[in-house]
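# Analysis of the macromolecular model
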Amino acid sequence: SGIALNHYWSLAIEEQYYLLWPLIILLLKRPKRILILCVLFLVAVIVARFYIWENKENYPAYERAFLFTRLDGILIGSMLAAIYKINAQLLRKYFTFFLLALTVVNYLFYLYKQNQSPDFPVWAIGGFTTFSLIFAIIVYEAVMKENRVVNYILTNPALRFLGKYSYAFYCN
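Residues numbered from 1 in each chain as written. Predicted model: local features only at pLDDT ≥ 70, side-chain atom pairs only at ≥ 80, totals over all residues. Heavy atoms only, no water.

## Structural notes on the overall build of the protein chain
Looking only at helices and strands, one finds 10 helices and 0 strands in the protein chain. The linear arrangement of helices and strands in the protein chain, starting from the amino end, is α-α-α-α-α-α-α-α-α-α. Scored against the burial criterion, the 172 residues of the protein chain give a buried share of 27%. Taking the contacts inside the protein chain whose residues are at least 6 apart along the sequence as the reference set, 67% of them involve residues at least 24 apart. Of the roughly 12,000 Å² that the protein chain leaves accessible, carbon and sulfur atoms contribute 69%. (Helix = DSSP H or I, 4+ residues; strand = E, 2+ residues; numbered from the N terminus. Buried < 20%, exposed > 50% of the residue type's maximum accessible area, 1.4 Å probe, protein only. Contact = heavy atoms within 4.5 Å. Areas by Shrake-Rupley, 256 points an atom, 1.4 Å probe, with all protein chains shown as cover.)

## Examining the nonpolar core
Nonpolar side chains in soluble globular proteins tend to be buried together. Counting 21 residues, the largest nonpolar core has Trp21, Cys38, Leu71, Leu75 and Met79 as its most contacted members. Looking at this core, the element that brings in the most residues is helix 5 (residues 72–86), giving 7 residues. Contacts of Cys38, omitting those with residues within four sequence positions, involve Trp21, Leu75, Ser78 and Met79. (Core = buried A, V, L, I, M, F, W, Y, C linked by side-chain atoms within 4.5 Å.)

## Considerations on the packing of aromatic side chains
Counted by the stated rule, this structure contains 3 aromatic pairs. Taking the centre distance of 5.3 Å and the plane angle of 65° together, the rings of Tyr17 and Tyr18 count as edge-to-face. Accessibility expressed as a relative area gives 12% for Tyr17, which makes it buried. Arranged with centres 5.3 Å apart and planes meeting at 20°, the rings of Tyr17 and Trp21 form a pair that is stacked. Of the two residues, Tyr17 and Trp21 both sit in helix 1 (residues 9–28), 4 residues apart, roughly one turn of that helix. In textbook terms, an aromatic cluster arises when at least three aromatic residues are bridged by ring pairs, as seen for Tyr17, Tyr18 and Trp21. (Phe/Tyr/Trp six-rings, centres within 6.5 Å; stacked < 30°, edge-to-face > 60°.)

## Some remarks on the environment of Ala82
Considering the arrangement of structural elements, one finds Ala82 in helix 5. Counting along the chain gives 46 residues from Ala82 to Ile36, while the straight-line C-alpha distance between them is 9.5 Å. Apart from the residues lying within four places of it in its own chain, the contact partners of Ala82 are Pro31, Ile34 and Leu35.

## Re helix 2 (residues 31–54)
Across its 24 residues, helix 2 extends 34 Å between first and last C-alpha, which sits within 8% of the 34 Å expected from 1.5 Å per residue. Every buried residue of helix 2 is accounted for by Ile34, Leu35, Cys38, Leu42, Val45, Ala48, Arg49, Ile52 and Trp53. (Expected span 1.5 Å × (residues − 1).)

## Overview of the confidence of the model for the protein chain
Summarising the model, the protein chain shows a mean pLDDT of 78, and 78% of its residues fall at 70 or more. Per-element confidence in the protein chain is highest for helix 5, whose mean pLDDT is 88, and lowest for helix 3 (residues 62–65), whose mean pLDDT is 58. (pLDDT = per-residue confidence, 0-100.)

Structure follows, in structure tokens:
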């Protein structure tokens, strides 16, 4: 049975990305084009998740089984790299705007959910993306090394230890 390998789904998603991404970079070449492609793919991923749920498609665990439904985290990381290449200070300059926009989107999503059935897959449709955006901002702050709180947390010896060995724990 495939149950013993269930936790390797994320590796399969990453492998597909790592096979395709270098080709995409070679074809598009410019960071702005890469950013635009990532935004378009991100919107398509969210729309695909919503379409599957809305049309009651019968895909067990669709929210994590297919590349197109879990690509958002990887796309957001790619967008962060493209934004950094275009203008390293852009996120710092518009940090408040990004934070407010993300808050508004989350609130609108919450209002939309109020009118849906109780089985509405909040995490599958918008939660993964929101989580990825939050962690991308944290990674950006860590790379820039200007946020004392983020630096304090991420340089904590206990967290560094867990970060060093956590993936091995996950695979066992």
